[in-house]
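# Architecture at a glance
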Amino acid sequence: MKWFLWVALVISLDLSSANSISSYNHYRLPAALRPQKYYLRILTELKNPDDLRFTGNVQIVIKALQNTRNITLHSKNLTIDESQITLRQIGGGGKKDNCVSSTSVNPAHDYYILHTCEELLAGNVYILCLPFSADLNRQLVGYYRSSYKDAVTNTTRWLSATQFEPAAARKAFPCFDEPGFKASFVVTLGYHTQFTGLSNMPVKEIKPHETLPNYIWCEFEESVPMSTYLLAYSVNDFSFKPSTLPNGALFRTWARPNAIDQCDYAAEFGPKVLQYYEQFFGIKFPLPKIDQIALPDFSAGAMENWGLVTYRETTLLYSPNHSSLSDQQNLANVIAHELAHQWFGNLVTMKWWTDLWLNEGFATYVAGLGVQEIHPDWQSQDKGILTALITSFRLDSLVSSHPISRPIQMVAEIEESFDAISYQKGSAVLRMMHLFMGEESFRLGLKEYLKLYTYKNAEQDNLWESLTSAAHQVGALAGHYNIKTIMDSWTLQTGYPVLNVTRDYSAGTARLTQERYLRDSQIPRSERVGCWWVPVSYTTQAEKDFNDTAPKAWMECSQTGESVPTTIDLLPGPEEWVILNIQLSTPYKANYDARNWQLLIDTLNSDQFQSIHVINRAQLVEDVLYFAWTGEQDYGTALQVTNYLQRERDIIPWKSALDNLKLLNRILRQTPNFGLFKGYMKKLLTPIYEHLNGTNDTFSSMQQNEVLLKTLVVNVACQYHVSDCVPQAQSYFRRWRSEPDPDENNPVPPNLRSTVYCTAIREGTEEDWDFLWTRFRRSNVGSERQTILSTLGCSKEVWILQRYLERAFDPKGDIRRQDSLLSFQAVVSREQGFPVAKSYLMEHVDFMVEYYYPQTRSMARLLPPLCEQIYTANDLNEFRAFVNKSQQSLKGVEQAIQQSLEAMVTNVQWMDRNYPQIFDSLQRNL
Ligand code: BES
Ligand code: ZN
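Residues numbered from 1 in each chain as written. Chains lettered and ligands numbered in written order. Predicted model: local features only at pLDDT ≥ 70, side-chain atom pairs only at ≥ 80, totals over all residues. Heavy atoms only, no water.

## Remarks on the overall build of the protein
Secondary structure assignment for the protein yields 27 helices and 32 strands. A compact globule built from 926 residues would reach a C-alpha radius of gyration of about 29 Å, and the protein, at 29 Å, matches this within 12%. C-alpha atoms of the protein, sized along the principal axes, occupy 100 × 75 × 60 Å. Partitioning the contacts of the protein with sequence separation of at least 6, the portion at a separation of at least 24 is 72%. Counting only carbon and sulfur atoms, one obtains 49% of the accessible surface of the protein, whose full area is about 34,900 Å². When the 85 basic and 100 acidic side-chain charges of the protein are each reduced to a single mean position, those positions are 3 Å apart. (Helix = DSSP H or I, 4+ residues; strand = E, 2+ residues; numbered from the N terminus. Rg over C-alpha atoms; globule rule 2.2 N^0.38 Å. Contact = heavy atoms within 4.5 Å. Areas by Shrake-Rupley, 256 points an atom, 1.4 Å probe, with all protein chains shown as cover. Lys, Arg positive; Asp, Glu negative; His and termini not counted. Charge placed at Lys NZ, Arg CZ, Asp CG, Glu CD.)

Shown next, in the form of structure tokens:
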């Protein structure tokens, strides 16, 4: 009795100190301890929908590297039963038990700190055992709940899944939650026998639960050393489709049973691209199996957990009867991206989140190579690079952009780094390196790097070392150049340069200077500083060699970081153009003197236009239109370039043009002279619309790239009422509406659905909207549901749009949390929807922040489509006042707000500078 009392007293003393705040406030864990192995046991309860929860126990094998009295690890929103914590020393003989005298926390960094009775000694290994429990949350991060409706029984089925990147493993179990603390994991999941348990590794053993009837313990094999953010597990009642891959890892694709027939494409594509990477990286996939699973509720697009890759339904499932070619290409790209991470990210991981771009930039770049290999007819690499360049060019022309390599101190900052700079600019600079180093040295350097850091962590300098040594070995880089000097100018510096090319036509030379390219035209030239090492490739009208992307010259930077102007020679005379940056191999813009532009315009507007490489045609369109946007060129020149589009039949220049012309549309559509712009668009679009047979269902006889081009062209054609586009689209929709069973039979060709639905809703009635809404609710196909959500925002009726937004943010409604962003974007990006969505955001900002919590990334994504349409000083001031007032709620969204404000300022500048002159230019080119 006495003994019990004593224990109770000790425990209560422990608890009394549990909430004391620790003085340890550094954002990184101390280096005194290293976890080596985790034994993680988790029992998941999915029986009672009102009490979905898990209880677990983790044993962490920890090696002491320095003497210490504290064990600092991460834990968030977990209940830890402190009376059950144990700490033992392994081996060493003598006294093996230690104890925890008190605990403290630091909520700013999610630290949970155990203070030990005795000092832990360097060299010793300890086992720390912590029991914990929590609800399966609704936030789509950590260990969370998801559900779907079973079509047969019409009941809700529950499942559980994890999303740990970047910093949510700590919400599922106490751990050292930093990418540098790699350890091996032995996971054991407990669950009811009606479910299946999945984790990174294959099942080792299944045993009945000791006390719970019909429950089992499923133990998985021990994992390879890996970071906590890559751990994953799920308890579900899904079905799977196996893939057959000779000599390869066991490969399975999982989905809810009713969607298993949509797994065929992913099951076929996944193993193929995995095999390609094995050969490309020269390292076999190291795990015995890989599962890919489509989760009904999922916050990101997909997640590369090692051996258990998780996806949204729309990024894994494909239905030939409902999904478009663009949906299919998108999912191939996502699968290729996540599987590339199995090497870049999983096998070799960044030391700290500062180098996140090494993960995301690489996966983005390599995915393009993977898809290209398996579907050469998709031209996915070229399309990918153009998109990457255009998106990063936009963001990176803002002063409030950031370098690729970005110091990180708080979790919110990690989230902010998953942006176009890490993904798109990261991928663009890697391609640049690939092209200037050449195939052999690039591959050799990569293989070396991956081999050297297998199961370890690395930073960008380590990559530069491997690549420099490979390049020198192969002779691909002059001995006095090194990759670090070149690449640091691209990864440590914000922005990108514009190269101004001034030709001396009689001397046959051109002088190249560089400065930072900025959207804000009021920033003086003297402040556009910066120097980038630019590999300069070029060709001339006589030569027209667009295959050789190797640099013919370099623009260098001095020791003090100043640009050294360069002159290139052996150029032709005044009758021939010069083009810089073959196939857009380097992320910079090129501006020429007026004569060179005129020569280019002449060739583009002749039947010789195809003598310029298709990517460089896209480059000329992008550069000149964006120069005009920021005042570096006049619209007269820009529109003479775009006039050539009447001849263009390739998707890549069209994508470039439409992306840029969209900016004009957004601003001009609310101005009195919009008719002129519409006239110009019709002039450009009519020939290609006719060439592609308008809205006729001619897809089966077309090449893949033409299919996409048609999808793109028809979509804008209907927006500008080109030819018969609108009535044809309406007639497809009417045919669908008159089907007796529209959920079974949809006569609209999948590649036209987006256009048809949007046009029909825009020009249609309340009944049309309700019809489409009902189809959304009943559809079993993710991509179809996504298309519908994006087009329900096309309505012109303010009240319908308001009702739509309310439905989008109704926690109990039909639109999942992850999809409400699509609805908001669909509404805000349209003329009539813009003011509706703007007021909705301003009135409900607190609620929306709460709704997305803790995903600040979702909140950040609401802003750009809104701000792109603000171009008057009044609206800008209103937005400023709004963010000032809502500062507290908008914590973690600061970067997006800065970027939005700056973008709006430049829109206002555009109005002042260009509005008066653009209509003249349009009139002259009609
Ligand atoms: N590692 C990311 C997933 C992720 C994103 C985790 C943001 C945490 C925060 C994954 O590899 C990824 O990049 N997913 C993309 C889709 C991809 C194909 C571009 C995403 O979710 O947007
Ligand atoms: Zn990724």
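## A closer look at the confidence of the model for the protein
Counting all residues, the mean pLDDT for the protein is 95, and 98% of those residues have values of 70 or more. Here residues 1–18 is a poorly scored stretch, pLDDT under 50, and it has 13 contacts once near neighbours within four places are set aside; other chains count. (pLDDT = per-residue confidence, 0-100.)

## A few points about unusual backbone geometry
Cis peptide bonds are those with omega within 30 degrees of zero, and the linkage from Glu 165 to Pro 166 qualifies with -5°. Residue Pro 854 follows Tyr 853 across a cis peptide bond; omega there is 0°. Assignment of secondary structure puts Pro 854 in the loop between α24 (833–852) and α25 (856–867).

## Description of the sheet that holds strand β20 (residues 289–295)
In sheet architecture, strand pairing relies on hydrogen bonds along the backbone and comes in two forms, parallel and antiparallel. Pairing within the open sheet is mixed, and its five strands lie in the order β18-β19-β20-β22-β21. In this open sheet, the two strands that pair with only one neighbour each are β18 (239–243) and β21 (302–303). Against the sheet, helix α2 (residues 264–281) makes contact with β18, β19 (250–255) and β20, and its axis sits at roughly 150° relative to β19, the strand it touches most. Of the strands in this sheet, β19, β20, β21 and β22 (308–312) are in contact with helix α4 (residues 325–341), which crosses β22 at around 150°. (Pairing = 2+ DSSP bridges. Axes fitted to C-alpha atoms, helices over the stretch in contact; angles between N-to-C directions.)

## Some words on the pattern of salt bridges
Enumeration according to the criterion identifies 43 salt bridges in this entry. Notably, a salt bridge pairs Arg 28 with Glu 178, separated by 3.3 Å at the nearest N-O pair. Note that Arg 28 is positioned in the loop between β1 (20–21) and β2 (33–45) and Glu 178 in the loop between β12 (155–163) and β13 (184–192), a separation of 150 residues in sequence. Arg 28 gets classed as partly exposed once you look at its relative accessible area, which sits at 25%. For the salt bridge of Lys 425 with Asp 396, the shortest nitrogen-to-oxygen distance reads 2.8 Å. (Salt bridge = Lys/Arg side-chain N within 4 Å of Asp/Glu carboxyl O. Buried < 20%, exposed > 50% of the residue type's maximum accessible area, 1.4 Å probe, protein only.)

## Examining the environment of Arg 669
Along the chain, Arg 669 turns up in the loop between α15 (651–668) and α16 (674–691). In this structure Arg 669 comes out as buried when scored by relative accessible area, which is 12%. In this structure, the C-alpha to C-alpha distance between Arg 669 and Ile 414, residues 255 residues apart in sequence, is 38 Å. Sequence-distant contacts of Arg 669, that is, excluding residues within four places in its chain, are made with Phe 674, Ser 829, Arg 830, Glu 831 and Gln 869. Polar side-chain contacts of Arg 669 include one of 3.2 Å to the backbone oxygen of Ser 829. (Polar contact = N/O pair within 3.5 Å; in protein donor to acceptor, adjacent residues only side chain to side chain.)

## So, the nonpolar core
Of all hydrophobic cores here, the largest spans 316 residues; its most connected members are Phe 173, Tyr 233, Tyr 277, Leu 580 and Phe 879. The residues contacting Phe 173, other than those within four sequence positions of it, are Tyr 38, Leu 40, Val 58, His 74, Leu 78, Phe 132, Phe 164, Phe 185, Leu 231 and Tyr 233. (Core = buried A, V, L, I, M, F, W, Y, C linked by side-chain atoms within 4.5 Å.)

## Let's talk about the side chain of Thr 539
Here Thr 539 shows up in strand β28 (residues 538–540). Among the polar contacts made by the side chain of Thr 539, one reaches the side chain of Glu 543 at a distance of 2.6 Å. Reaching out from Thr 539, the side chain makes a polar contact with the backbone nitrogen of Lys 544 at a distance of 3.3 Å. What Thr 539 contacts, discounting residues up to four positions off in sequence, is Lys 544, Asp 545, Phe 546, Lys 552, Trp 577, Val 578, Ile 579 and Ile 582.

## Points about the domain arrangement of the protein
Domain boundaries in the protein define domain 1 (1–141 + 169–231), domain 2 (238–378 + 402–493), domain 3 (497–612) and domain 4 (678–925). For domain 3 and domain 4, the distance between their C-alpha centroids amounts to 37 Å. With four residues of domain 3 at the interface, the matching set in domain 4 holds four residues. Contact between domain 3 and domain 4 buries roughly 400 Å² in total, counting both sides, with carbon and sulfur atoms accounting for 40%. For the domain 3 face of the interface with domain 4, the top three residues by lost area are Arg 519, Asp 520 and Ser 521, together amounting to 84%. (Domains from an automatic or database assignment. Buried area = accessible area lost by both parts, 1.4 Å probe.)

## Re the sheet that holds strand β4 (residues 68–74)
Ordered in space as β1-β8-β9-β4, the four strands form an open sheet in which the pairing is mixed. Two strands bound the open sheet, and with one partner strand each, they are β1 and β4.

## A word on the coordination of the zinc ion (ligand 2)
Looking at the metal site, the zinc ion (ligand 2) is ligated by His 337 (NE2), His 341 (NE2) and Glu 360 (OE), spaced 1.9 to 2.1 Å from it. On the basis of relative accessible area, His 341 is assigned to the buried category, the value being 0%. Judged by its relative accessible area of 2%, Glu 360 falls in the buried class. (Donors = N, O, S within 2.8 Å, 3.2 Å for Na, K, Ca; no water.)

## Overview of the state of the cysteines
For the coordinates displayed, the defined rule picks out four disulfides. Paired through a disulfide, Cys 99 and Cys 117 show a sulfur-sulfur distance of 1.6 Å. Classification of the bridge connecting Cys 99 and Cys 117 rests on its S-S torsion, roughly -80°, and on that basis the disulfide is left-handed. Of this pair, Cys 99 sits in the loop between β7 (97–98) and β8 (100–106) while Cys 117 is found in strand β9 (residues 111–120), placing the two residues 18 residues apart along the sequence. Using a relative accessible area of 35% as the deciding quantity, one classes Cys 99 as partly exposed. Residue Cys 117 is classed as partly exposed on the basis of its relative accessible area, which comes to 27%. Between the sulfur of Cys 531 and that of Cys 557 lies a disulfide, 2.1 Å long from S to S. Measuring the twist about the S-S bond at about -90°, one finds the Cys 531-Cys 557 disulfide to be left-handed. (Disulfide = S-S within 2.5 Å.)

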